[in-house]
Amino acid sequence: MIPGQFAYHRPSSIEQAVRLLADLGDEARPLAGGHSLIPMMKLRMAAPEHLIDLGGIADLKGIRDRGASIIIGAMTTQNELIHSDLLAAKLPIIRETSLLIADPQIRYVGTLGGNVANGDPGNDMPALMMCLDAAYHVAGPSGNRTIKARDFYEGAYFTALQEGEIVTSVEIPVPPAGHGYAYEKLKRKIGDYATAAAAVVLSFSGGKVATCAIGLTNVSETPLLAEEAAEILIGTALDPASIAKAVSAAEAITAPASDGRGPADYRTKMAGVMLSRALQRAARRAAA
Amino acid sequence: MSTIEQVPVTVTVNGKKYQRFVDPRMLLIHFIREELNLTGAHIGCDTSHCGACTVEMNGMSVKSCTMFAVQADGASITTIEGMAAPDGTLHALQEGFRMMHGLQCGYCTPGMIMRAHVLLKENPDPTEEEIRSGIAGNLCRCTGYQNIVKAIQYAAAKLNGRTVQEAAE
């Protein structure tokens, strides 16, 4: 399969990339790792006339420790996330989730920025970023701004990004030491999108859940933040009855499509199962 | 739209430097096979699932069907043709696939070997489970993977200076 013709641009700064996107308008698309865009182009479901390759912009790379938060450049690959000692120490759920994305070859190339910015509800990072309350730093023709992950996703492939804007980095608040975490993903095979997946980050105080956040992947048009389910668990000992209540609340906000991964009802139930497993695994990892 | 300008691409493949002018839309696998006439890397699924097109680029394993040649500008690439020594002596991985019957039709083999090469550089003595997750992006429809895993274990043992098992079961 051969994509349509396009002109290739490889800017070396964020400013140049943003200017190119602004000047070329609708017909231009930014290229990150390309593992969503290039397959679409090969199928001629996307046919941009200009590709702006972000691979030559050093400022989009790297993982920086800011103390209370960690800033990850948008072009940081999943493989780099997996091998970061800083993330392993402070945000181990990033590694756990990255290892469930695609396969080893694709993780050398696929980027965090591409995964969060293209708005595909099947991507794993968006629900995790909502769970972690991350913020996306964005550059565009009218300057820089920051958009919370929780405000970013509007529909399948529709996000809060305006024309000409690109995500330049992702800033993630560091959860308290001793937090429990888990990303549970049901998939049919390596490389598949989730039938359903759940991200959990929680902490305990005196044997009771003190903080809890839950994200759900690929069970709606957008990634979901299961706020009510998390709220139900605060103050409980994460006993089976409380987990069952939270699972019901989480299932209630899902609206998956029936597709090759199963009928909608099944995928909703699997979201509940993934959540239940993620909660229990997070609890085992958390300091009491 | 107007005529697309060709773009210069310079790559080092198997130690040799090449420069070509290409259409930006040319995929890296087409560049390697059709411009450089290195046909060891295969086109299998053409959708980034099967791994038959896997080559080594700047120390990473990449699926060359899902990358443009222009993205590889300046890169150092190794393909299966670059694995054996100039005198024809097989690389330990090639020897392992031969000794352990790690292939049947052979279509996936160049991708498997190139992926395993990076895996063993990063993790010189992997467990069976690490081998299996390490080659999860490469599909084989013949072998059931058993002898591919053994072939990689053979290469790891040989590269680590251990005695190697002589043949597959």
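Residues numbered from 1 in each chain as written. Chains lettered and ligands numbered in written order. Predicted model: local features only at pLDDT ≥ 70, side-chain atom pairs only at ≥ 80, totals over all residues. Heavy atoms only, no water.

K.L.:
Help me get a handle on the packing of helix H2 (residues 92-99) of chain B against helix H5 (residues 146-159) of chain B, residues and values and all.
P.N.:
Residues and elements named next belong to chain B. H5 packs onto H2 with a crossing angle of 135 degrees between their chain directions and a minimal axis gap of 8 Å. The orientation of H2 relative to H5 falls into the category oblique. Classified by chirality, the crossing of H5 by H2 is right-handed. Between H2 and H5, the residues in contact are Ala92, Leu93, Glu95, Gly96, Phe97 and Met99 and Ile148, Ala151, Ile152, Tyr154, Ala155, Lys158 and Leu159, respectively. Counted by class, the contact of H2 with H5 contains 10 nonpolar, one polar and two charged residues. (Axes fitted to C-alpha atoms, helices over the stretch in contact; angles between N-to-C directions. Helix = DSSP H or I, 4+ residues; strand = E, 2+ residues; numbered from the N terminus. Parallel < 35°, antiparallel > 145°, perpendicular 65-115°, else oblique. Left-handed = near helix turned anticlockwise from the far one by under 90°. Contact = heavy atoms within 4.5 Å. Nonpolar A, V, L, I, M, F, W, Y, C, P; charged D, E, K, R; others polar.)

K.L.:
So what's going on with the sheet that holds strand S7 (residues 143-148) of chain A? Which residues, and what values?
P.N.:
Residue and element names in this part refer to chain A. Here we have five strands laid out as an open sheet, ordered S4-S5-S10-S6-S7, and antiparallel in their pairing. The sheet is open, and its two borders are formed by strand S4 (63-65) and S7, each paired with just one other strand. The average angle at which neighbouring strand axes cross in this sheet is 20 degrees, direction not considered. Here S4 pairs with strand S5 (residues 69-73) via three bridges, running antiparallel. Looking across to S5, one finds that Asp65 is bridged to Ile70. Seen against the sheet, helix H1 (residues 14-24) touches strand S6 (135-140) and strand S10 (166-173) and runs at an angle of roughly 130 degrees to S10. (Pairing = 2+ DSSP bridges.)

K.L.:
Please give an account of the packing of aromatic side chains that cites residues and values.
P.N.:
The geometry of an aromatic ring pair is captured by the separation of the ring centres together with the interplanar angle, meaning the angle of the planes. Residue and element names in this part refer to chain A. One pass over the structure, following the stated rule, counts four aromatic pairs over all chains. With centroids separated by 6.3 Å and ring planes inclined at 85 degrees, the aromatic side chains of Tyr136 and Tyr153 adopt a geometry described as edge-to-face. Taken as a pair, Tyr136 in strand S6 and Tyr153 in strand S8 (residues 153-155) lie far apart in primary sequence, 17 residues in all. Note on Tyr136: relative accessible area 0%, which makes it buried. An aromatic cluster of at least three residues, connected via ring pairs, comprises Tyr136, Phe152 and Tyr153. (Phe/Tyr/Trp six-rings, centres within 6.5 Å; stacked < 30°, edge-to-face > 60°. Buried < 20%, exposed > 50% of the residue type's maximum accessible area, 1.4 Å probe, protein only.)

K.L.:
Before we move on, could you go through the side chain of Ser48 of chain B and cite the residues and values that matter?
P.N.:
Residue placement: Ser48 of chain B occurs in the loop between helix H1 (28-35) and strand S3 (54-57). Those residues in contact with Ser48 of chain B that lie beyond four places of it in its chain are His35, Asp103 and Ile106 of chain A together with Lys63, Cys65 and Thr66 of chain B.

K.L.:
Can you lay out unusual backbone geometry for me, pointing to particular residues and giving the numbers?
P.N.:
Notably, Leu238 of chain A is not glycine yet its phi reads approximately 60 degrees, a positive angle. Inspection of the secondary structure assignment puts Leu238 of chain A in the loop between helix H9 (227-233) and helix H10 (240-252). Taking relative accessible area as the criterion, Leu238 of chain A reaches 10% and is therefore assigned buried. At Asn58 of chain B, a position not held by glycine, the phi torsion is positive, near 50 degrees. Along the chain, the position of Asn58 of chain B falls in the loop between S3 and strand S4 (60-63).

K.L.:
Describe the interface of chain B and chain A, listing the residues and the values that go with them.
P.N.:
A common way to state how big an interface is: give the accessible area lost once the parts meet. Facing the 30 residues of chain B at the interface are 28 residues of chain A. For the chain B and chain A pair, buried surface summed over both sides reaches about 2,500 Å², with 62% attributable to carbon and sulfur atoms. Along the contact surface separating chain B from chain A lie two salt bridges. One salt bridge connects Lys42 of chain A with Asp46 of chain B, and the closest N-O pair in it is separated by 2.6 Å. For the pair chain B and chain A, the number of links is 10 residue pairs in polar contact (both at pLDDT 80 or more). Among the secondary structure elements, those contributing two or more residues to the side of chain B that touches chain A are S4, helix H3 (109-122) and helix H4 (128-134) of chain B. No other element matches the four residues that S4 of chain B contributes to the side of chain B that touches chain A. Split by residue class, the side of chain B that touches chain A holds 12 nonpolar, 12 polar and six charged. (Buried area = accessible area lost by both parts, 1.4 Å probe. Salt bridge = Lys/Arg side-chain N within 4 Å of Asp/Glu carboxyl O. Polar contact = N/O pair within 3.5 Å; in protein donor to acceptor, adjacent residues only side chain to side chain.)

K.L.:
Give a description of the packing of H3 of chain B against H5 of chain B that names residues and reports values.
P.N.:
Residue and element names in this part refer to chain B. The geometry of H3 relative to H5 is characterised by a closest axis approach of 11 Å and an angle of 45 degrees between their N-to-C directions. Accordingly, the angle class assigned to the pair H3 and H5 is oblique. Relative to H5, H3 is oriented so that their crossing is right-handed. Across the interface between the two elements, Met112, Ala116 and Leu120 of H3 pack against Ile148, Ile152, Ala155, Ala156 and Leu159 of H5. The residue makeup of the contact of H3 with H5, split by class, is eight nonpolar, no polar and no charged.

K.L.:
Which residues make up the side chain of Ser13 of chain A, and what values do they have?
P.N.:
Residue and element names in this part refer to chain A. Mapped onto the fold, Ser13 is located in the loop between strand S1 (7-9) and H1. For Ser13, a relative accessible area of 17% translates into the label buried. At 3.1 Å, the side chain of Ser13 and the backbone nitrogen of Gln16 are in polar contact.

K.L.:
An account of the sheet that holds strand S12 (residues 196-205) of chain A is requested, with residue identities and associated values reported.
P.N.:
Residues and elements named next belong to chain A. What the four strands build is an open sheet, ordered S11-S12-S13-S14; its pairing is antiparallel. Both outer strands of the open sheet, strand S11 (180-186) and strand S14 (224-225), are each paired with one neighbouring strand and no more. Across nine bridges, S12 lies against strand S13 (residues 208-217) in antiparallel orientation. Following the sheet pairing, Val201 is matched in S13 by Ala213. Across the face of the sheet, helix H11 (residues 264-285) comes into contact with S11, S12 and S13 while running at roughly 150 degrees to S11.

K.L.:
I'd like to hear about the environment of Gly88 of chain B, residue by residue, with values.
P.N.:
Residues and elements named next belong to chain B. Tracing the backbone through its elements, the reader meets Gly88 in the loop between strand S5 (76-78) and H2. Classification of Gly88 as partly exposed rests on a relative accessible area of 46%. Remark: the alpha-carbon pair of Gly88 and Cys140, spanning 52 residues in sequence, is separated by 26 Å.

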